[in-house]
Amino acid sequence: MSTNDKIEENWPEIPGYWEVTQTAIRLVKHEMNRDSNGNGIISEIGHFCSRTTTSEICIVLLGAVIFTIGRFLTSKYIFIPLVRRVQIAKRDESKMPESAYKSLFYTSIWFLMLYIIFGHHEYIFRDPVSCFKGWNPNVDVPFGICLVYTLQASFYMHSVFATLYMDTWRKDSYMMLIHHFLTLSLIGFSYLSRYHNIGLLVFFLHDITDVFLENSKLLIYFKIRRGKKYPINDQLANIGFAGFSVSWFVCRLYWFPLKAIWSAANVSEGPADNIHMPFVLLLNCMLWVLLAMNIWWFTFILSMLYKVLTGQTTEIDDIREEDIVPSEKKLTEMLHVGNGKQNGVHSKSNGKMAVHTNGTLTHRPTAGGEAKEVTAMSD
């Protein structure tokens with residue numbers, strides 16, 4: 001066998017977008033015909049939820065508490081003292097701990113997943129359809145994958161609390177809460193039904209963009225220190241945004257539909273002896289909704305790139321929209337940042353207030369005085 005033949009055997013041909021769409025449509029029709037009255041999915045939810053053990057629930061809850069305590073302690077004893085020492089811009093003092101903590105989590109867990117996938121389960125990325133071969137509902141979840149699921153579930157439970165009581169309250173914070181609950185549901189259903197391999201792939205393809213995003217924000221926050229501006233931070237932030245844009249397209253808009261969604265649409269290739277696989281329709285619908293969100297937010301990234309290429313912007317900045325609400329004031333007072341009034345910055349343009357959205361990477365006003373806004377939202 002030639003080298004080229006071995007490569008083709010080991011790396012299956014990637015399908016096209018239309019092929020993925022057609023396969024998903026056929027799967028949806030099949031599942032809807034099989035369960036036309038909807039009673040099947042209800043019974044499946046009840047059955048698989050009953051398999052959840054008390055110890056598993058307690059571990060996830062304990063993890064969420066640990067993440068929350070860790071956020072408080074690192075903010076109070078590490079991030080806030082660091083902010084005071086280097087004297088970053090006042091507008092960024094209350095936002096830096098949030099991005100720093102998220103950066104630590106996403107960077108650490110992404111490299112953990114990189115090691116697990118390419119060190120022990122390389123087939124998950126190489127041939128995702130094979131993830132369902134030999135599937136059965138009682139298979140043991142490998143320790144590494146179980147660890148990732150536990151950390152992700154705990155962190156998203158912490159994120160619900162953090163959005164309500166620790167993070168800066170923004171215009172779309174309610175939408176972020178909905179996102180967190182949906183993510184927790186997807187984590188739970190995929191774990192209980194033993195679709196953990198494809199779940200790990202989805203985590204891996206999405207979290208890399210958050211690594212670029214949160215670290216780029218930190219570069220922006222630290223570009224002014226002790227009243228002096230450091231151009232190197234802007235240059236590195238530009239590189240970070242380039243990495244963010246490329247990784248978003250490659251991981252979320254190319255590999256995600258052509259690997260993860262394609263695999264989920266071909267679940268019938270996995271189990272033997274006509275074993276019924278649960279939550280197939282629910283799994284596929286959730287993945288397609290996630291893809292639609294990825295496409296939507298990519299339009300804002302394209303808008304930013306257009307403004308950069310046409311010279312309509314000067315430098316990347318991270319500007320929040322809403323003033324900090326009482327819950328955030330309580331946190332800032334608890335951390336002794338000041339009087340709790342470090343608000344999100346509003347930039348004025350032609351006498352009007354320019355509003356900026358959650359997690360946006362925004363450009364400062366151009367020489368003409370017009371505030372130019374572009375958005376790059378993480379999932």
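Please read these numbers as outputs of a predicted model, since none were measured by experiment.

Draft legend 1. Highlighting the overall build of the protein chain. Scanning the protein chain for helices and strands turns up 12 helices and 6 strands. Split into buried and exposed, the 379 residues of the protein chain put 51% on the buried side. Residue pairs in contact within the protein chain that sit at least 24 positions apart in sequence constitute 82% of those at least 6 positions apart. Just so you have it, the protein chain exposes about 18300 Å², and 64% of that area is on carbon and sulfur atoms.

Draft legend 2. Examining the layout of surface pockets more closely. Considering only enclosed or pocket space, the second largest pocket measures out at about 530 Å³ in volume. Around the second largest pocket sit 19 residues that line it, and Thr-52, Val-60, Ala-153, Gly-188 and Tyr-191 are the ones nearest its centre. Elements that contribute at least two residues to the lining of the second largest pocket include exactly α4 (54-86), α7 (143-165) and α8 (173-192). Taken together, the residues that form the lining of the second largest pocket break down as 14 nonpolar, 4 polar and 1 charged.

Draft legend 3. Highlighting the nonpolar core. Of all hydrophobic cores here, the largest spans 78 residues; its most connected members are Met-96, Met-113, Tyr-195, Leu-200 and Phe-256. With near-sequence residues (within four places) excluded, Tyr-195 lies in contact with Phe-132, Trp-135, Tyr-149, Ser-190, Met-277, Pro-278, Val-280 and Leu-283.

Draft legend 4. Up close: the pattern of salt bridges. With the rule as written, the count across this model stands at 10 salt bridges. Across the salt bridge formed by Lys-229 and Asp-234, the nearest N and O atoms sit 3.7 Å from each other. Through salt bridges that share partners, Arg-91, Asp-92 and Lys-95 make up one connected network.

Draft legend 5. Layout of α4. Taking 1.5 Å per residue as the helical rise, α4 with its 33 residues ought to reach 48 Å, and the 46 Å between its terminal C-alpha atoms agrees with that figure. Two residues or fewer past α4, Gln-87 is found with a positive phi of approximately 55°.

Draft legend 6. Highlighting helix α11 (residues 280-309). Along its 30 residues, α11 runs 43 Å from first to last C-alpha, staying within 8% of the 44 Å computed at 1.5 Å per residue. At the exit of α11 stands Gly-311, carrying a positive phi of roughly 75°.

Draft legend 7. The arrangement of the packing of aromatic side chains in detail. For the coordinates displayed, the defined rule picks out 23 aromatic pairs. Pairing Phe-67 with Phe-155 gives two aromatic rings, centres 5.4 Å apart and planes at 85°, and the pair type is edge-to-face. Highlighted residues: Phe-67 in helix α4 and Phe-155 in helix α7, separated in sequence by 88 residues. Exposure remark for Phe-67: the relative accessible area of 15% places this residue in the buried category. Phe-155 sits in the buried class, given a relative accessible area of 2%. When the ring of Trp-297 is compared with that of Phe-300, the centres are 5.2 Å apart and the planes differ by 35°; the resulting orientation is tilted. On the criterion of helical spacing, the pair formed by Trp-297 and Phe-300 is a turn pair, its members being 3 residues apart in helix α11. Among the aromatic side chains, those forming a connected cluster through ring pairs are Trp-110, Phe-111, Phe-118, Phe-125, Phe-204 and Trp-255. Above the face of the Tyr-230 ring, Arg-225 is positioned so that its terminal group lies 3.8 Å from the ring centre.

Draft legend 8. Region of the structure containing the packing of helix α10 (residues 231-265) against α11. In the contact formed by α10 and α11, the axes pass within 10 Å of each other and the chain directions differ by 160°. Taken together, the axis directions place α10 and α11 in an arrangement best described as roughly antiparallel. You can see that α10 and α11 cross each other, and the crossing is left-handed. Class assignment for the residues of the contact of α10 with α11 results in 22 nonpolar, 3 polar and 1 charged.

Draft legend 9. Highlighting the confidence of the model for the protein chain. Residues with a pLDDT of 70 or more make up 73% of the protein chain, whose mean pLDDT is 78. Note that pLDDT drops below 50 for residues 318-330; the model gives that stretch 52 contacts with residues more than four away or on any other chain. Confidence drops under a pLDDT of 50 for residues 362-379, and excluding neighbours within four residues, the segment shows 74 contacts in the predicted structure.

What counts and what doesn't
Residues numbered from 1 in each chain as written. Predicted model: local features only at pLDDT ≥ 70, side-chain atom pairs only at ≥ 80, totals over all residues. Heavy atoms only, no water. Helix = DSSP H or I, 4+ residues; strand = E, 2+ residues; numbered from the N terminus. Buried < 20%, exposed > 50% of the residue type's maximum accessible area, 1.4 Å probe, protein only. Contact = heavy atoms within 4.5 Å. Areas by Shrake-Rupley, 256 points an atom, 1.4 Å probe, with all protein chains shown as cover. 1 Å grid on protein atoms, 1.4 Å probe; cavity = no way out; pocket = protein on both sides within 12 Å on 5 of 7 lines; lining within 4 Å. Points joined across faces, edges and corners; volume = space filled by probe spheres on them. Nonpolar A, V, L, I, M, F, W, Y, C, P; charged D, E, K, R; others polar. Core = buried A, V, L, I, M, F, W, Y, C linked by side-chain atoms within 4.5 Å. Salt bridge = Lys/Arg side-chain N within 4 Å of Asp/Glu carboxyl O. Expected span 1.5 Å × (residues − 1). Phe/Tyr/Trp six-rings, centres within 6.5 Å; stacked < 30°, edge-to-face > 60°. Lys NZ or Arg CZ within 6 Å of the ring centre and 35° of its normal. Axes fitted to C-alpha atoms, helices over the stretch in contact; angles between N-to-C directions. Parallel < 35°, antiparallel > 145°, perpendicular 65-115°, else oblique. Left-handed = near helix turned anticlockwise from the far one by under 90°. pLDDT = per-residue confidence, 0-100.

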